[in-house]
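Below are the chains, spelled out letter by letter.
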Amino acid sequence: MELLNLRKAVKTLRKNKNSNILIYTHIDTDGINSRVILEELFNRLNINGEFRFLKQLTVNSIEDIPFKDYELIIFADLGSGQINLLKEKMKEYNILNSKNHNVIILDHHIPSKEKVPENIINVNPWNNNIDGGKEICGAGVSYLFARMCNPRNIDLAKYAILGAVGDIQNLEGSLEGINKMILKDAKDAGDILAFPDLQFYGKHTKPLFASIKYFTDVRTDLMNNDSRIINFINNINKKYDLEIVPKECLHELSFNEKRILGSEFLSKCNRYVPINWTKFLPKVIFGESYEFKGEGIKTPFRNLEEFSTCINACSRYEDYETPLNILRGNRDKYYDRMMSRLRAHKRNISKALQYIRDNVEIVQRDRFQYFEMDNKIINGGILGIVAGMCYSIEEVDWKKPIFAITENDSGYKVSARCPKLLSFAEDINLADAISYASSKVGGSGGGHKFACGAFIPDKKGFIDYIGNRLK
Ligand SMILES: [Mn+2]
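None of these values were measured; they are calculated from a predicted model. (Residues numbered from 1 in each chain as written. Predicted model: local features only at pLDDT ≥ 70, side-chain atom pairs only at ≥ 80, totals over all residues. Heavy atoms only, no water.)

Trainee: Which residues make up the overall build of the chain, and what are the values?
Mentor: For the chain, the helix and strand inventory stands at 17 helices and 13 strands. In terms of C-alpha radius of gyration, the chain reaches 23 Å, essentially the compact-globule figure of 23 Å for 471 residues. Considered along the principal axes of its C-alpha atoms, the chain spans approximately 70 × 55 × 40 Å. By the burial criterion, 56% of the 471 residues in the chain qualify as buried. For the chain, the share of sequence-separated contacts (at least 6 apart) that also reach a separation of at least 24 residues comes to 69%. Working note: accessible area of the chain is about 20800 Å², and carbon and sulfur atoms make up 45% of it. Charged side chains in the chain number 66 positive and 60 negative. The centres of these two groups are separated by 2 Å. (Helix = DSSP H or I, 4+ residues; strand = E, 2+ residues; numbered from the N terminus. Rg over C-alpha atoms; globule rule 2.2 N^0.38 Å. Buried < 20%, exposed > 50% of the residue type's maximum accessible area, 1.4 Å probe, protein only. Contact = heavy atoms within 4.5 Å. Areas by Shrake-Rupley, 256 points an atom, 1.4 Å probe, with all protein chains shown as cover. Lys, Arg positive; Asp, Glu negative; His and termini not counted. Charge placed at Lys NZ, Arg CZ, Asp CG, Glu CD.)

Trainee: Kindly report on the packing of helix 8 (residues 226-240) against helix 9 (residues 255-270), identifying the contributing residues and their values.
Mentor: Where helix 8 contacts helix 9, the two axes come as close as 11 Å, and the packing angle between them is 120°. Compared by their axis directions, helix 8 and helix 9 come out oblique. As helix 8 packs across helix 9, the resulting crossing turns out to be right-handed. Listed contacts from helix 9 to Phe-232, Ile-236, Lys-239 and Tyr-240 of helix 8 are Ile-260, Leu-261, Glu-264, Phe-265 and Lys-268. Among the residues forming the contact of helix 8 with helix 9, the class breakdown is six nonpolar, no polar and three charged. (Axes fitted to C-alpha atoms, helices over the stretch in contact; angles between N-to-C directions. Parallel < 35°, antiparallel > 145°, perpendicular 65-115°, else oblique. Left-handed = near helix turned anticlockwise from the far one by under 90°. Nonpolar A, V, L, I, M, F, W, Y, C, P; charged D, E, K, R; others polar.)

Trainee: Can you lay out unusual backbone geometry for me, pointing to particular residues and giving the numbers?
Mentor: If you check the backbone angles, Asp-77 has positive phi at about 65° while not being a glycine. Examined against the element boundaries, Asp-77 turns out to sit in the loop between strand 3 (72-76) and helix 3 (83-92).

Trainee: Requested: an account of the coordination of the manganese ion, with residues and values cited.
Mentor: Surrounding the manganese ion are the protein donor atoms Asp-30 (OD), Asp-77 (OD), His-108 (NE2) and Asp-167 (OD), which sit 2.1 to 2.3 Å from the metal. In primary sequence terms, the donor set of the manganese ion follows D-x46-D-x30-H-x58-D. With a gap of 78 residues between them, Asp-30 in helix 2 (residues 29-45) and His-108 in the loop between strand 4 (102-106) and strand 5 (120-123) connect regions that are remote in the sequence. Note on Asp-30: relative accessible area 0%, which makes it buried. (Donors = N, O, S within 2.8 Å, 3.2 Å for Na, K, Ca; no water.)

Trainee: An account of the domain arrangement of the chain is requested, with residue identities and associated values reported.
Mentor: According to the domain assignment, the chain consists of domain 1 (6-189), domain 2 (196-302) and domain 3 (360-469). Using C-alpha coordinates to define each centre, domain 2 is positioned 28 Å away from domain 3. When domain 2 packs against domain 3, close to 1500 Å² is buried across both sides, 63% of that on carbon and sulfur atoms. Linking domain 2 with domain 3 are zero salt bridges. Residue composition of the side of domain 2 that touches domain 3, grouped by class: ten nonpolar, three polar and three charged. (Domains from an automatic or database assignment. Buried area = accessible area lost by both parts, 1.4 Å probe. Salt bridge = Lys/Arg side-chain N within 4 Å of Asp/Glu carboxyl O.)

Trainee: Kindly report on the packing of helix 5 (residues 157-166) against helix 6 (residues 178-188), identifying the contributing residues and their values.
Mentor: As a packed pair, helix 5 and helix 6 sit with axes 8 Å apart at the nearest point and diverge in direction by 140°. When the interaxial angle is binned, helix 5 and helix 6 end up oblique. Of the two elements, helix 5 crosses helix 6, and the hand of that crossing is left-handed. Packed against helix 5, whose contacting residues are Ala-157, Lys-158, Ala-160, Ile-161 and Ala-164, the element helix 6 presents Asn-179, Ile-182, Leu-183, Asp-185 and Ala-186 at the interface. Split by residue class, the contact of helix 5 with helix 6 holds seven nonpolar, one polar and two charged.

Trainee: Please provide a residue-by-residue account of the sheet that holds strand 11 (residues 411-417), values included.
Mentor: If you trace the six strands from one edge of the open sheet to the other, you get 8-9-10-11-13-12, paired in mixed fashion. Each edge of the open sheet carries a strand with a single partner, namely strand 8 (363-364) and strand 12 (444-447). Here strand 10 (residues 402-408) runs beside strand 11; their pairing, made up of seven bridges, is antiparallel. The partner of Phe-403 across the bridge, within strand 11, is Ala-416. (Pairing = 2+ DSSP bridges.)

Trainee: I'd like a description of the environment of Ala-194, backed by residues and values.
Mentor: Looking at the element boundaries, Ala-194 is found in strand 6 (residues 192-198). On a C-alpha basis, the gap between Ala-194 and Lys-293 in space is 9.8 Å, while along the polypeptide they are 99 residues apart. Apart from residues lying up to four places away in sequence, Ala-194 is in contact with Leu-183, Lys-187, Glu-288, Ser-289 and Tyr-290.

Trainee: A description of the packing of aromatic side chains should follow, citing residues and the corresponding values.
Mentor: Enumeration over the complete set of coordinates arrives at 15 aromatic pairs. Taking 5.5 Å as the distance between ring centres and 10° as the angle between the ring planes, the aromatic pair formed by Tyr-24 and Phe-75 counts as stacked. With Tyr-24 in strand 1 (residues 21-25) and Phe-75 in strand 3, this pair connects stretches of sequence that are 51 residues apart. Both residues of the pair, Tyr-24 and Phe-75, count as buried. On the basis of an interplanar angle of 90° and a centroid distance of 5.9 Å, the ring pair of Trp-277 and Trp-398 is categorised as edge-to-face. Of this pair, Trp-277 sits in the loop between helix 9 and helix 10 (281-285) while Trp-398 sits in the loop between helix 14 (383-389) and strand 10; the two residues are 121 residues apart in sequence, bridging distant segments of the chain. Residue classification places Trp-277 among the buried residues on the basis of a relative accessible area of 5%. Judged by relative accessible area, Trp-398 falls into the buried class, the value being 7%. Through a chain of ring-to-ring contacts, three or more aromatic side chains come together here, namely Phe-200, Phe-215, Phe-232 and Phe-265. We note Lys-283 situated over the ring of Phe-424; from NZ or CZ to the ring centre the distance is 4.3 Å. (Phe/Tyr/Trp six-rings, centres within 6.5 Å; stacked < 30°, edge-to-face > 60°. Lys NZ or Arg CZ within 6 Å of the ring centre and 35° of its normal.)

Trainee: Quick one: what's the story with helix 12 (residues 321-328), residue by residue and with numbers?
Mentor: Summarising burial for helix 12: six of the eight residues are buried, a large majority. Turning to helix 12, its buried residues are Thr-322, Pro-323, Leu-324, Asn-325, Ile-326 and Leu-327. Against the buried residues of helix 12 lie helix 2, strand 2 (50-53), helix 5, helix 11 (304-315) and helix 13 (332-359).

Trainee: Describe the pattern of salt bridges, with residues and values.
Mentor: The final tally for this structure, using the stated rule, is 30 salt bridges. Between Asp-155 and Arg-44 there is a salt bridge, with its nearest N and O atoms 2.6 Å apart. Pair noted here: Asp-155 is in the loop between helix 4 (138-149) and helix 5 and Arg-44 is in helix 2, with a separation of 111 residues, a long-range link. A salt bridge links Glu-92 to Lys-89; the nearest nitrogen and oxygen atoms lie 2.9 Å apart. Here Glu-92 pairs with Lys-89, and both are found in helix 3, just three residues apart, close to one helical turn. Looking at Glu-92, the relative accessible area reads 55%, which means it is exposed. Shared partners join several salt bridges into a network, and the residues in it are Arg-35, Glu-39 and Arg-328.

Below, the structure is given as structure tokens:
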């Protein structure tokens with residue numbers, strides 16, 4: 001299997017190795033890892049490139065892209081959905097179909113249905129009918145690009161795996177499709193461990209009872225109840241003659257202990273979900289863990305989900321420099337900076353959650369719920385994270401998706417989330433609903449079926465459009 005246009009993209013890079021090259025990458029975990037891969041590739045090929053981050057490619061932000069000054073512009077983890085915009089701009093500059101101006105897109109978002117000119121090379125799994133939401137991320141496409149330049153670049157595969165985990169492509173428990181091939185490269189390179197595990201968060205940094213507490217895909221009597229969780233573990237110890245310590249981290253448990261804990265947790269969950277949902281339960285409890293072999297155990301960098309949280313703790317507040325340096329291996333001062341940002345991030349989240357508990361009304365509609373929150377209380381960058389964690393609040397209905405709305409400079413920001421189990425069992429497509437409703441009110445939005453966002457100039461009517469679409 002080879003991604004369409006990949007070979008052409010590599011040829012175009014080689015042809016332009018002495019040209020002016022500008023590289024834009026997205027600003028999330030996937031985008032930052034795409035950048036690390038491409039930077040390293042350029043170093044190894046002895047090619048000079050100018051790297052920049054780009055939050056979004058829009059009618060406004062495209063104005064700042066200096067198309068005429070560069071022979072080659074590369075977009076990674078963004079661009080495919082805005083080929084129409086790129087075409088318009090390049091036409092305006094008279095460089096559409098020009099041999100001296102090329103664009104390479106290394107992306108996995110759904111491409112806009114456009115006829116693509118010769119000098120825009122769109123490398124995207126959807127062109128091969130491969131699901132770019134699940135099977136490969138932006139860093140994955142960037143990695144395949146690097147590997148085609150030189151097969152010895154498999155030591156860059158680990159960044160592609162971190163990007164995939166950052167984009168939650170392992171939603172169903174493990175990485176699939178092309179991601180699995182890339183994972184094999186990362187294992188062959190000796191960089192990543194993959195093994196069967198339970199799907200609780202915080203395997204290296206949280207005590208087991210806290211990890212169980214954070215599990216919100218099924219609401220049981222364990223939620224927000226430390227003493228019940230500790231009882232639950234102690235009863236398992238008695239029943240199976242084990243010695244699981246609730247204060248230990250999940251990674252310290254043996255495979256057998258995890259297996260038993262998981263199956264006991266599964267039978268508990270069984271009693272709390274509608275009968276037709278039970279068949280999806282194993283997928284939210286059992287899965288695969290990914291760890292960086294080179295990172296210490298019990299550090300927040302060992303497990304890839306926890307590493308991704310550290311990156312978010314910076315990038316969601318527009319600090320891209322810190323994660324970039326951490327990934328490049330510059331640890332000393334950046335490690336301290338990242339840890340202090342991580343602490344602040346956690347404080348912000350728990351402050352926002354407490355505020356919602358005490359002051360915010362969760363409005364219930366038939367098929368969803370929503371709430372509005374003052375932007376002085378919450379930073380827009382973590383609105384989605386907080387919306388997802390709202391499922392630990394009693395008043396939030398865990399069997400319905402949730403929409404969070406906050407004001408920003410140009411209108412409103414909306415984030416939507418849906419617990420994994422619900423998204424499997426009911427096949428809810430939030431991305432479709434949010435992109436429909438936001439376009440109806442003059443905004444734009446999109447993302448994944450289970451997690452997405454939008455910017456809207458006016459919220460009037462927005463909620464009703466969501467309601468109509470989710471019926
Ligand atoms: Mn991505």
